[in-house]
Amino acid sequence: MVVLAVALGTASAVAAKPRAKAHHRRPKPAGSLVTVAPDLAHPGPPVQPGFIGLSFEASALPQIARYSDRGNFVTMLRSLGPGELRFGGVSADTRIAWTDSRTPRPAWATNVVDADDLRELGALAAASGWHVVLTLGIVHFEPIAAAREAAAAKAALGPWLTGIEIGNEPNSYAQHAMREEPWTFTQYAEQVAAYRAAIEAAAPGIPLIGPDVSGSAAFAAWGPAEAVAERPAELTGHHYPLGCAQQPPPSIVRLLSKPIAAKEVASLHRYVAIANSSATPFRLDETNSVSCGGVAGISDTFASALWAAGFLPQVMSAGAVGFDMHGNPTRCDGYTPVCAPDADTLAEGALVAQPVWYVLLMLRGLAGDRPLPATLRLSSRSINVRVAVFASPTGGLDWVLVDDDPPGARPVTVRLRVGARLARASVLSLNGESPAAVSGVSLGGREVATDGHWTAGRLPTAAVRAGVATLQLAPSSAALVRFAAG
C-alpha cells in the first residue's frame, strides 16, 4: 500500500512499512479519517466537452477580442481544451452599446462594440477553439440595435456563436431601478418578443439562451416560464456563494464553510431539477466567489481555488452541462481566472493565471466522465472535506478531493474504495502557501508559464490494496486522483 502525502507546496509518495507479522493490516490513519465508496451502478450523464467556460463583462469584449493575435490568451484557452466564452454581466445592460453607420453611440454608453470587434472575436474563437455566447442589453430598450449586433455577430463568428442572451439578471431590474413594478417574467417576455422578432428578421436561426437570472431562487419562477414561452437552447443562471454587502461580511472562513457548501449543492439541484422538468439543458453561465466583482483578500487568494475545486465538480455532478467563471481582466484583486497587472500588460495581452485558473486546469480532463453518487463516512463531524467521484470512459475512476480545513488542522486520511480491478493512480495536487496567499499556487508542482503553457511535473502515484487506496490529504489542499483501468 502507498500512503500519499499531499502537503502544501509538495506532493510525494511514501511507501508504508508493514509491521512484522501484521502485513495484512491497514496502517493506522494519522489524524481524521474519511472513507469514500462510489455507487458504480448509478452513473450520471457524461460531462460534456466544452463544460469549462469563462465569463467576462460585455464591456471587456473589445479588449479580449484583440488577443486573437497577441499575448498568451489563445495559448491559455487551448490549454483547457474546448470551452465557452460568455460576454455579459451588468455592463451588457448599462455601459456598452452597439454602434455602426446606422446606429450612433447612445448618450448612456461608456463603451461601444462594433463589427471590427466582433471580427476579432471570431478570429480568437477560431484560433482557440472556444465558442461564444453574447448578451444583448435590454434595459435600454433598443430591439433594432440589438438585431444589428446579432446579425454582425452571426456574420463574424459563424459556427463559433453558440447563442445570445437577452439581458443580464433581468429578474433584478426592478430591484435596481431599471424597470418599474410590476416587473415579472410576463413583462420581460413581452419585451423579449420584440427583440426576437427583430433579430429573427435580421439574422434568422440564432439560438436563444436564458433567462440568465441572478440565482436559483429566482430561477424557480423564471426558469419554467422561460422554458415554456421561449424554448431556449439552454437555460442559464448565476451563482455566488457570498454577497459583497451581506452581513456578516464575506470571509475566507465563510467561503470554505460546510454550511455554504450545503447551500450550494441545494441550489444546483434546484436549478437542474427545473431544467430537467422541461428537458432543457442547464448551464451555470456566471459564477465566482463573492458578488460585485469580488473582495480583495478573498477572491484573489488560494482560498478561492479551494472553493472552486470543491464547488465546480458539484456543478458537473448535479447534471449541468457546464459553467462559466466570471472575471475582469483589469482587476487582479477581484474574482477573475486571468488578469493583467497593469495597463501595459493588458494592452499586450500578457495575462496572469489567478488561483482559480489552476482549478480549471485540474478539471479539464474530466470531459466524457460520468459522475457517480458516493457515500462518505467521516470519523468526526468537524472534518471539512469535499469529494466528487467520476467514472472515466475507459473504465477508470477519477476522484476530486478537497480539504478545506485551515492550516494547522489534523491531516485527513482518505480511504477510497476503488475495487480490485484498479491497481494504481496518478495524483495531481493543487497547493498554495496558505488559504490567504495571493501567489505561489501550483498544480502538479508547476506554475503556469508566462507564455500561458502549463505542464505537470512527474506525478506521485497511489496503489490499491484489497480494493482500497489510502491517501493523506493535508489541510488547505486539493488533488485529482486518477485510477486507470487495466
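Here, every reference points to the structure presented above.
Within each chain, residue numbers correspond to sequence positions counted from 1 in written order. Thresholds applied to this predicted model are a pLDDT of at least 70 for local features of residues and 80 or more for the giving and counting of side-chain atom pairs; totals over whole chains, interfaces and linings are not thresholded and use all residues. Side-chain numbers come from the whole structure's heavy atoms, not from hydrogens or water.

Student: I keep staring at the nonpolar core and nothing clicks. Help me out?
Tutor: Among soluble globular proteins, nonpolar side chains are generally buried collectively. Residues enter a nonpolar core if they are buried and are Ala, Val, Leu, Ile, Met, Phe, Trp, Tyr or Cys, with the set joined through side-chain atoms within 4.5 Å. Only protein chains enter the area calculation, which uses a 1.4 Å probe; residues under 20% of their type maximum are buried, those over 50% are exposed, and those in between are partly exposed. Ranked by size, the top nonpolar core spans 115 residues in total, and within it L54, F73, L85, L312, W357 and L430 carry the most contacts. Of the residues forming this core, the biggest block, 12 residues, is contributed by helix α10 (residues 302–318). In this analysis, two residues are considered to be in contact whenever any of their non-hydrogen atoms come within 4.5 Å of each other. Residue contacts for L312: discarding those within four places in its chain leaves F323, M325, V359, L360 and L363. What counts as a helix is a DSSP run of H or I of at least four residues, what counts as a strand is a run of E of at least two, and both are numbered from the N terminus.

Student: Is there a simple way to think about the state of the cysteines in this case?
Tutor: Cysteine pairs can be linked by a disulfide, which is a covalent bond between their two sulfur atoms. Disulfides are defined in this document as cysteine sulfur pairs within 2.5 Å. By the definition in use, this model includes 2 disulfides. Disulfide partner of C244: C292, at an S-S distance of 2.0 Å. Of the two residues, C244 sits in the loop between β11 (234–239) and α8 (252–255) while C292 sits in the loop between β12 (282–287) and α10, which places them 48 residues apart along the sequence. With relative accessibility at 56%, the residue C292 sits in the exposed group. Between the sulfur atoms of C332 and its disulfide mate C339 the distance is 2.1 Å. Looking along the S-S bond of the C332-C339 disulfide, the torsion reads about 110°, which is the right-handed sense. On the basis of relative accessibility, which here comes to 24%, the residue C332 falls in the partly exposed class.

Student: What should I look at first to understand the pairing of strand β9 (residues 161–166) in this one?
Tutor: Consecutive side chains of a regular strand alternate in pointing toward one face of the sheet and then the other. By the criterion of burial, β9 is predominantly enclosed, with 5 of the 6 residues buried. By the convention used here, strands pair only if DSSP detects at least 2 bridges between them. Sheet topology places strand β8 (residues 131–136) next to β9; 5 bridges connect them, and they run parallel. Bridged to L134 within β9 is I164. Whether a crossover is right-handed depends on one test, that the path from the first strand over the helix to the second runs clockwise when the strands point away from the viewer. Since β8 and β9 lie parallel, the crossover through helix α5 (residues 143–157) that links them has a hand, and here it is right-handed.

Student: Is there a simple way to explain the environment of V253 in this structure?
Tutor: If you trace the backbone, V253 turns up in helix α8. When the C-alpha atoms of V253 and V272 are compared, they prove to be 28 Å apart, with 19 residues separating the residues in sequence.

Student: Quick question: what am I supposed to make of the pattern of salt bridges here?
Tutor: One speaks of a salt bridge when a side-chain nitrogen belonging to Lys or Arg is within 4 Å of a carboxyl oxygen belonging to Asp or Glu. Counted according to the given criterion, the structure contains 12 salt bridges. With a shortest N-O distance of 2.7 Å, E286 and R86 are connected by a salt bridge. Linking E286 in strand β12 with R86 in strand β5 (residues 84–88), this pair joins segments that are 200 residues apart in sequence. Overall, the relative accessible area of 0% leaves R86 in the buried class. The closest approach of N and O atoms between R386 and E264, which form a salt bridge, is 3.3 Å. In this pair, R386 is assigned in strand β18 (residues 385–391) and E264 in helix α9 (residues 258–277), connecting sequence segments 122 residues apart. The same class applies to R386 and to E264, which are both buried. Residues joined by salt bridges that share partners form a network here, namely R86, E165, D212, D285 and E286.

Student: Hey, could you run me through unusual backbone geometry in this one?
Tutor: Excluding glycine, most residues fall at negative phi; most peptide bonds, likewise, are trans. Cis rather than trans, the peptide bond between E181 and P182 has omega equal to 0°. With respect to the helices and strands, the residue P182 is situated in the loop between β9 and α6 (185–202). Following Q247, the chain continues into P248 via a peptide bond in cis, with omega recorded as -5°. For P248, the location among the structural elements is in the loop between β11 and α8. With a phi close to 50°, R231 is a non-glycine residue in the positive phi region. One non-glycine residue, S476, adopts positive backbone phi at about 60°. By secondary structure assignment, the location of S476 is in the loop between β24 (468–473) and β25 (477–485).

Student: I keep staring at α9 and nothing clicks. Help me out?
Tutor: In an α-helix, one turn spans 3.6 residues, which is why side chains three or four residues apart end up on the same side. Taking 1.5 Å as the rise per residue, α9 with 20 residues should run 28 Å; its terminal C-alpha atoms sit 29 Å apart, in good agreement. Here α9 has its buried residues at I260, A261, E264, S267, L268, Y271, V272, I274 and A275. Along the axis of α9, the buried positions cluster into a sector of 160°, meaning they face one direction only. Counted as exposed and oriented over 90 degrees from the buried face of α9: P259, K263, N276 and S277. Phi for A279, located one or two positions after α9, is positive at around 55°. By definition here, a helix of n residues has an expected span of 1.5 Å times n minus one. Throughout, the arc means that of the directions going from the helix axis to the C-beta atoms.

Student: Would you mind showing me how to read the packing of α5 against α6 here?
Tutor: Between the N-to-C directions of two axes lies an angle of 0 to 180 degrees, each axis being a line fitted to C-alpha atoms and, for a helix, fitted only over the stretch in contact. Relative orientation of the contacting elements α5 and α6 amounts to 40°, with a least axis distance of 8 Å. On the basis of their axis angle, the class for α5 and α6 is oblique. Note that α5 runs across α6; the crossing there is right-handed. Of α6, the residues touching α5 (which contributes P143, I144, A146, A147, A150 and A151) are A194, Y195, A198, I199 and A202. For classification purposes, angles smaller than 35 degrees are called roughly parallel, those larger than 145 roughly antiparallel, those between 65 and 115 roughly perpendicular, and all remaining angles oblique. Definitions for this section: a left-handed crossing has its near helix turned counterclockwise from the far helix by less than a right angle. A right-handed crossing has that turn clockwise.

Student: Please explain the packing of aromatic side chains as it appears in this structure.
Tutor: The relation between two aromatic rings is expressed through the spacing of the ring centres and the mutual angle of the planes. When two rings of Phe, Tyr or Trp (its six-membered ring) have centres within 6.5 Å they constitute a pair, described as stacked for plane angles under 30 degrees, edge-to-face for angles over 60, and tilted for the intermediate range. Applying the stated criterion to the full structure yields 15 aromatic pairs. Ring geometry for F56 and F73: centres 6.2 Å apart, planes at 75°, overall edge-to-face. Of this pair, F56 sits in strand β4 (residues 52–57) while F73 sits in helix α2 (residues 73–79); the two residues are 17 residues apart in sequence, bridging distant segments of the chain. Just as F56 is buried, F73 falls in that class too. Ring geometry for F219 versus Y271: centroids 4.9 Å apart, planes at 65°, classification edge-to-face. Placement of the pair is F219 in helix α7 (residues 216–230) and Y271 in helix α9, with a sequence separation of 52 residues.

Student: Would you explain α7 in this entry?
Tutor: W222 marks where α7 bends most, by close to 40°; the proline P224 follows one to four residues later. Every buried residue belonging to α7 is among S216, A218, F219, W222, G223, E226, A227 and E230, and all of these are buried. Those residues of α7 that are buried lie in contact with α6, β10 (209–213), β11, α9 and β12. Just downstream of α7 lies R231, where phi reads positive at about 50°. Values of bend correspond, residue by residue, to the angle between axes fitted over the seven residues ending at that residue and the seven starting there.

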